[in-house]
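Descriptive analysis of the structure
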Amino acid sequence: MTSKEAGNFLERNPKKSMTVIVVISLIMIDFLTASLYRFFFGYHFFSLQERVLQEERAIEMAYRISSETYHHDLKKKFSGVGIWGDKRYTILTDSLGFKNGSVKDIPLTSPNRRIVFIGDSFTEGIGVPYEETFVGLIAHRLLPRNIEVLNAAASSYSPIIYWRKIKYLIEEVGLQFDELFVFIDISDIPDEVNRYTLSEHHTVDSREDKGDTGRMGEEGTVGSIKNLIRENTILPYFLLDKTYDLLSPPKVQTPFQRWTIDKTLFPVYGEKGLEKATLYMDRLFELLKKHNVKLTIAVYPWPDQIVNNDLNSIQVTFWKKWAEEKKIPLLNYFPCFVASNRSETESKLLITDFFIKGDDHWNERGHQLIAEQFLSFYERGRACKKNA
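Residues numbered from 1 in each chain as written. Predicted model: local features only at pLDDT ≥ 70, side-chain atom pairs only at ≥ 80, totals over all residues. Heavy atoms only, no water.

**Details of the overall build of the protein chain**
Each helix and strand counted, the protein chain has 16 helices and eleven strands in total. The 388 residues of the protein chain split such that 47% are buried. Contacts in the protein chain between residues at least 24 apart in sequence constitute 71% of all its contacts with a sequence separation of at least 6. Split by element, the accessible area of the protein chain, about 20800 Å² in all, is 55% carbon and sulfur. (Helix = DSSP H or I, 4+ residues; strand = E, 2+ residues; numbered from the N terminus. Buried < 20%, exposed > 50% of the residue type's maximum accessible area, 1.4 Å probe, protein only. Contact = heavy atoms within 4.5 Å. Areas by Shrake-Rupley, 256 points an atom, 1.4 Å probe, with all protein chains shown as cover.)

Here's what the structure looks like:
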């Protein structure tokens, strides 16, 4: 196209021409801004968010440690800060590596009655100070009755770790206690399939999925193009990344949340996961029976079960049958949160009241509800007869 023809095109299409000029100008300005940012700060714009995440991860890893026996644990006698989303809260652990209200020594034996809780991040009380977690509230309530409460839970635990950690505590550490309360999480079931395996030495090892996560900026067929856009632009990468999020279905969280609801997910995650979970819960039952420790299990919903009115969930019916066969108590928290005919709007309002904003874990009010219902169950043998 000659300069004369180009001039005629601009004259004939002034709006299109102006749009093209503006778009090209914005791209050039964005590219220049990204280059100047990288020149002055030494890293590209989107590294700032990554650096913040890395700093937060480093803070969490200060007290979250690996375990040669049962995969991972909390650091003993730790005093510091934990981070969950935009929440910063105090973390204190005792001599056993259990979250506690203070850094202190826990004697292996006690003249008092002693109960232990174990579960995953819900039972650990992630995002909430110990005193406001349900275990902390229960400990405070039972203290005048000379009942000691310990919290052996940690994020991402599941039945294989419940069994192996309790076995380690009883038979190798020598911890003595009278009752164990196992809070079986929705995510425990797919975790048994995807995350953990038992080695020939009877230690819990990782079985990590190293598949493609589908995020912008990763390696792959078009990875180099994505990285080029990411490292040399600001607005274009942001818009492409958000568009990708909107158009792509969730790939990681769906099985963990919805295997009790989605029939297509149950054969892959639910069926196999429940089989493995049963294996290790059976072992835990026999271990506790051998050492004369009373066992009680508890089940509770995630927000997805609440929104979908999954009152008679597979998670409930399966573990209810297991508990009946073992002749042990079951604490069912589903009726505390789930109704059979509640509207989606009502369910979402309930989730807002009892869960951390934008998260699947209980907030302080959620922990208070769990503690109150537990105490009703523990002291009077009944709980969750009505919805919250």
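**Examining the nonpolar core**
The biggest cluster of nonpolar side chains holds 87 residues, and the ones touching the most others in it are Leu180 and Phe337. The dominant element in this core, judged by the number of residues it contributes, is helix 11 (residues 266–290), at nine residues. When sequence neighbours within four positions are dropped, the list of residues in contact with Leu180 reads Val116, Ile118, Ile166, Leu284, Leu288, Val293, Lys294, Leu295 and Thr296. (Core = buried A, V, L, I, M, F, W, Y, C linked by side-chain atoms within 4.5 Å.)

**A few points about the confidence of the model for the protein chain**
For the protein chain, per-residue confidence averages 85 on the pLDDT scale, and 79% of positions sit at 70 or higher. Across residues 209–221, where pLDDT falls below 50, the model places 20 contacts with residues more than four positions away in sequence or in other chains. A low-confidence stretch, residues 248–254 stays under pLDDT 50, and its non-local contacts, those more than four residues away or across chains, total five contacts. (pLDDT = per-residue confidence, 0-100.)

**Digging into the environment of Leu150**
Within the element layout of this structure, Leu150 appears in strand 6 (residues 147–151). A relative accessible area of 4% places Leu150 in the buried class. Along the backbone, Leu150 and Gly136 are 14 residues apart, and their C-alpha atoms lie at a distance of 8.9 Å. In this structure, Leu150 is in contact with Leu96, Phe98, Ile106, Arg114, Ile115, Val116, Phe117 and Leu175, ignoring residues within four places of it in sequence.

**Concerning the pairing of strand 7 (residues 179–184)**
Most of strand 7 is tucked away, with six of its six residues classed as buried. By the alternation rule, side chains of strand 7 split into Glu179, Phe181 and Phe183 and Leu180, Val182 and Ile184, which are all buried. Here strand 7 runs beside strand 10 (residues 294–299); their pairing, made up of six bridges, is parallel. Paired with Ile184 across the two strands is Val299, which belongs to strand 10. (Pairing = 2+ DSSP bridges.)

**Structural notes on the side chain of Ser67**
As for its placement among the helices and strands, Ser67 is situated in strand 1 (residues 64–67). For Ser67, the side chain forms a polar contact with the main-chain nitrogen of Tyr70, separated by 3.1 Å. The contact partners of Ser67, leaving out residues within four places of it in the chain, are His72 and Asp73. (Polar contact = N/O pair within 3.5 Å; in protein donor to acceptor, adjacent residues only side chain to side chain.)

**So, unusual backbone geometry**
Backbone geometry at Asn146 places phi at a positive 60 degrees, although glycine is not the residue there. By secondary structure assignment, the location of Asn146 is in the loop between helix 5 (134–142) and strand 6. Looking at Asn146, the relative accessible area reads 48%, which means it is partly exposed. Even without being a glycine, Asn309 presents a positive backbone phi close to 50 degrees. On the secondary structure map, Asn309 appears in the loop between helix 12 (303–307) and helix 13 (314–326).

**Re a nonpolar patch on the surface**
The grouping of Met18, Ile21, Val22, Leu26 and Ile29 at the surface amounts to a nonpolar patch, some 470 Å² of accessible area in total. With respect to the secondary-structure elements, Met18 resides in helix 2 (residues 14–41). (Patch = residues over 30% accessible without salt bridge, like charges linked within 9 Å, V, L, I, M, F, W, Y side chains within 5 Å. Salt bridge = Lys/Arg side-chain N within 4 Å of Asp/Glu carboxyl O.)

**Thoughts on the packing of helix 11 against helix 13**
Relative orientation and spacing of two packed helices are given, respectively, by the angle between their axes and the distance between those axes. At a minimum axis separation of 12 Å, helix 11 and helix 13 run at an interaxial angle of 25 degrees. Taken together, the axes of helix 11 and helix 13 are roughly parallel relative to one another. With respect to the hand of their crossing, helix 11 and helix 13 are arranged in right-handed fashion. Seen from helix 11, the contacting residues are Phe266, Leu274, Ala277, Thr278, Met281, Asp282 and Phe285; seen from helix 13, they are Ile314, Phe318, Trp319, Trp322 and Lys326. Classifying every residue of the contact of helix 11 with helix 13 gives nine nonpolar, one polar and two charged. (Axes fitted to C-alpha atoms, helices over the stretch in contact; angles between N-to-C directions. Parallel < 35°, antiparallel > 145°, perpendicular 65-115°, else oblique. Left-handed = near helix turned anticlockwise from the far one by under 90°. Nonpolar A, V, L, I, M, F, W, Y, C, P; charged D, E, K, R; others polar.)

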